[in-house]
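# Remarks on the overall topology
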Amino acid sequence: MLTGMNRKLFWLVLILALIGSWLPYFNILNELVWVGPLSLPLAWVLTCNIVLTLCAIALYPLYFKPLSERIDAFEHQEGGMNSTAVTIIILIAFIAIFVVISLRARQHNASTIDDYVVGGRSMNTALLLMSMGATYFSTWTLLGSFGVYYREGIWFAGFTTWAIIQGSVFIWLFGTRIWYIGKRFNFITPGQMVEHYYSSPTLRLLFSIVGIIALVPVMLIQVTGSARALESLTGGAIPYAVGVIVTSVVVGFIVLWAGFRGTAWADAFMGTFFATVLVFTAVFIIGKAGGWSFLQNVAEVEPQLLTNKGNPVAMLELWVGLSFGAWALPHMWQKFYSAHSAKVLGKVAMFTPFWNSWMMACIPLVIGLSANIPGLVPGAADNSDAILPLIFAEYAPILGSFVVAGILAAAISTINSQLLSSASLVAEDVWRRFFDKEMGEKRLRLVNKVVIGLITSIVLVLALSPSGAGYLVPVASLGFSLGLQLVPTALGMLYFRWITPAGALTGMVVGVITLFVSAATDFTLFFGPGISAIIVNGLLVALVSRFTQTAPVNGDNDYHALFAQLYGKQPTQKVTAHAIS
């Protein structure tokens, strides 16, 4: 009874804190009044962020630990020289280090497709935490996020709260269920789970294709973005084409030879590296900006940046796309599969706020706002997306090499898992499923590696082609919105039995079409393209599901019965006996 009360209190506090963080968008608690060194709206948002962080920590004892104990019991019952030269030298050393780390991790690989694609489901807490964090935060974290805070002020502080929800609460709501089903049935791709539950090869194919379309252009933007940054920061010493080739070849090599485990260790190294760059820079800049009074110094020149400008619709579009859209993307789905246990996922959820929110969201807030102080970051007004490199160029040019390396690290840590995931979807959900059903594991690993080479080559060619890269930029910007269109199909497997195969298929097709039409024509339903598309998607899922048959239960695919037992709830239908046994 006490646990039940605690859980109700947990969700009440979480929802109130989440709602509270939106109050400044509606001009509540939005006055320029000082609470210590902080403006009132920023103090309020950070207070909400602290409460949400405590909620994320509470997830472990309230949910993950009891679930893990149930799973253990359940499975027991079943049986189961100059600055340019220095920059180049540091980059070479940097690349050599994470190639060596990846290859050493490869020595522990088993010769199975399960090990190659999801690390043998053996990832521990530290490795999975660093890998998920490094994957989620790309070159945009080290470049674009500083510029957004510089221009928009604390309006973008909502970024700090959804980073906690996406990284902690969603692991409990969705990640543990995906992990358990993947472990139970030995799935390595989302598509396998989709077909197993819905008994629909067509829906599996569509789910995988949408996932690939969402991932491949995002990989391209990482390659082109890092290459342009390298060219700019080295004064042309590393030309754009060389940056593209280096990034593509290194990523392709790591993924091709080291698989999931190698990419996870490379992510951990690179994530630690660019986190160190961020912390060092934040401490330095706060000192230069006036210490604890740095926000008051910002208020003297740009007071409007310290109050929320409103526009909740724009923040909602961003929040929904980046939160709900991210967890359903294939590479994040496979990271859930890779966890060693539910306890690992629980501990990742506990520590994620410190990595995703306080490290990767709040530090850019501090630096971006401080850059508005005149003379602190020369050149910021002309190129606000390059604030971090500009800081090092002004105060420590010789250390700028580490910023360049950090940008490369951020790009590679985002691309590698997306590349591996895209290849596994093509190999398993397309080639093996529809062209060579009798393919063995050895041949499947070979097909995965061939596809990795092909996708790497495609990204490389497109990145070197200005017209190709330019064409795909709009598509890449819709990557998370495309992921959002996968959510209703996923929710049918994880929560809502009433969602039918026909409803999920119809909603996804029309949702994707709506997304691209809205983006191309600027015609939306009050909201932006992503939310407009998911509204249409969800309405069609509900409507078509109302008049069509639910997913057939064929003995072991009644996920809802499994979840009912594991989560301590009674199954809602008698047909669940087959799934439990």
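Residues numbered from 1 in each chain as written. Predicted model: local features only at pLDDT ≥ 70, side-chain atom pairs only at ≥ 80, totals over all residues. Heavy atoms only, no water.

This part takes up the overall build of the protein chain. Scanning the protein chain from terminus to terminus reveals 26 helices and two strands. In terms of overall size, the protein chain behaves like a compact globule, its C-alpha atoms giving a radius of gyration of 24 Å where 581 residues would be expected to give roughly 25 Å. Structurally, the protein chain occupies a C-alpha span of about 70 × 50 × 50 Å along its principal axes. Here the protein chain holds 581 residues, and the buried ones make up 59% of them. (Helix = DSSP H or I, 4+ residues; strand = E, 2+ residues; numbered from the N terminus. Rg over C-alpha atoms; globule rule 2.2 N^0.38 Å. Buried < 20%, exposed > 50% of the residue type's maximum accessible area, 1.4 Å probe, protein only.)

Looking now at the state of the cysteines. Per the stated rule, a full pass over the model turns up zero disulfides. Distance from the sulfur of Cys55, which forms no disulfide, to the nearest cysteine sulfur (Cys48) is 11 Å. In this structure Cys55 comes out as buried when scored by relative accessible area, which is 6%. Here Cys362 stays unpaired: no disulfide links it, and the sulfur of Cys48, its closest cysteine neighbor, is 12 Å away. On the basis of relative accessibility, which here comes to 10%, the residue Cys362 falls in the buried class. (Disulfide = S-S within 2.5 Å.)

A few words now on a nonpolar patch on the surface. On the surface, Leu9, Leu12, Val13 and Leu16 cluster together into a nonpolar patch covering about 350 Å² of accessible area. Residue position: Leu9 is located in helix H1 (residues 2-20). (Patch = residues over 30% accessible without salt bridge, like charges linked within 9 Å, V, L, I, M, F, W, Y side chains within 5 Å. Areas by Shrake-Rupley, 256 points an atom, 1.4 Å probe, with all protein chains shown as cover. Salt bridge = Lys/Arg side-chain N within 4 Å of Asp/Glu carboxyl O.)

Time to look at the side chain of Ser357. With respect to the element layout, Ser357 can be found in helix H15 (residues 342-359). Within the structure, the side chain of Ser357 is placed 3.1 Å from the side chain of Asn49, a separation counted as a polar contact. Sequence-distant contacts of Ser357, that is, excluding residues within four places in its chain, are made with Asn49, Thr160, Ala163, Ile164, Thr352 and Cys362. (Polar contact = N/O pair within 3.5 Å; in protein donor to acceptor, adjacent residues only side chain to side chain. Contact = heavy atoms within 4.5 Å.)

Before going further, it helps to examine unusual backbone geometry. Although it is not a glycine, Asn27 adopts a positive phi angle of roughly 65 degrees. Tracing the backbone shows Asn27 in the loop between H1 and strand S1 (34-35). Of note in the backbone geometry, Leu29 takes a positive phi value of approximately 55 degrees without being a glycine. By the element assignment, Leu29 lies in the loop between H1 and S1.

For the rest of this paragraph, the subject is the packing of aromatic side chains. Counted by the stated rule, this structure contains 26 aromatic pairs. By the ring-pair criterion, three or more aromatic residues cluster together here, those being Phe170, Phe174, Phe207, Trp327, Trp333, Tyr495, Phe496 and Trp498. The side chain of Arg121 reaches across the aromatic face of Tyr337, ending 5.8 Å from its centre. A cation sits over an aromatic face here: Arg177 above Phe563, 4.8 Å from the ring centre. (Phe/Tyr/Trp six-rings, centres within 6.5 Å; stacked < 30°, edge-to-face > 60°. Lys NZ or Arg CZ within 6 Å of the ring centre and 35° of its normal.)

On to the side chain of Asn356. Along the polypeptide, Asn356 turns up in helix H15. The buried category is assigned to Asn356, whose relative accessible area is 5%. The residues contacting Asn356, other than those within four sequence positions of it, are Gly133, Tyr136, Phe137, Ala163, Gln166, Gly167 and Ala361.

Attention now moves to the environment of Ser131. Structurally, the position occupied by Ser131 is in helix H5 (residues 125-136). Ser131 sits 389 residues away from Ala520 along the chain, and the two C-alpha atoms are 34 Å apart. The contact partners of Ser131, leaving out residues within four places of it in the chain, are Ala264, Asp267 and Lys335.

Moving on: the packing of H15 against helix H16 (residues 362-370). Between H15 and H16, the least distance of the axes is 5 Å, while the angle of their chain directions is 15 degrees. As far as their axial angle goes, H16 and H15 are roughly parallel. Side by side, H15 and H16 meet where Ser357, Trp358 and Met359 of the first sit next to Cys362, Ile363 and Pro364 of the second. Among the residues forming the contact of H15 with H16, the class breakdown is five nonpolar, one polar and no charged. (Axes fitted to C-alpha atoms, helices over the stretch in contact; angles between N-to-C directions. Parallel < 35°, antiparallel > 145°, perpendicular 65-115°, else oblique. Nonpolar A, V, L, I, M, F, W, Y, C, P; charged D, E, K, R; others polar.)

Quick look at the environment of Cys362 now. Positionally, Cys362 belongs in helix H16. Considering only alpha carbons, one finds Cys362 and Thr160, 202 residues apart in sequence, at a separation of 6.5 Å.

We now examine helix H12 (residues 294-301). When H12 is considered as a whole, its buried residues turn out to be Phe294, Leu295, Val298 and Ala299. Taken end-on, H12 shows its buried residues confined to a sector of 145 degrees, consistent with a single buried face. (Arc of directions from axis to C-beta.)

Nonpolar side chains in soluble globular proteins tend to be buried together. Core analysis: the largest hydrophobic core is formed by 191 residues, its most contacted members being Phe98, Met193, Tyr198, Trp327, Trp333, Ile387 and Met493. When residues in this core are grouped by element, the largest group, 19 residues, is from helix H11 (residues 240-289). Not counting the four nearest positions on each side in its chain, Ile387 is found in contact with Phe146, Gly147, Tyr150, Ile367, Gly368, Ala371, Val377 and Ala380. (Core = buried A, V, L, I, M, F, W, Y, C linked by side-chain atoms within 4.5 Å.)

Here we come to the environment of Phe435. On the secondary structure map, Phe435 appears in the loop between helix H18 (400-434) and helix H19 (441-464). Residue Phe435 is classed as exposed on the basis of its relative accessible area, which comes to 58%. Each C-alpha atom of the pair Phe435 and Val313 lies 45 Å from the other, and the pair is 122 residues apart in sequence.

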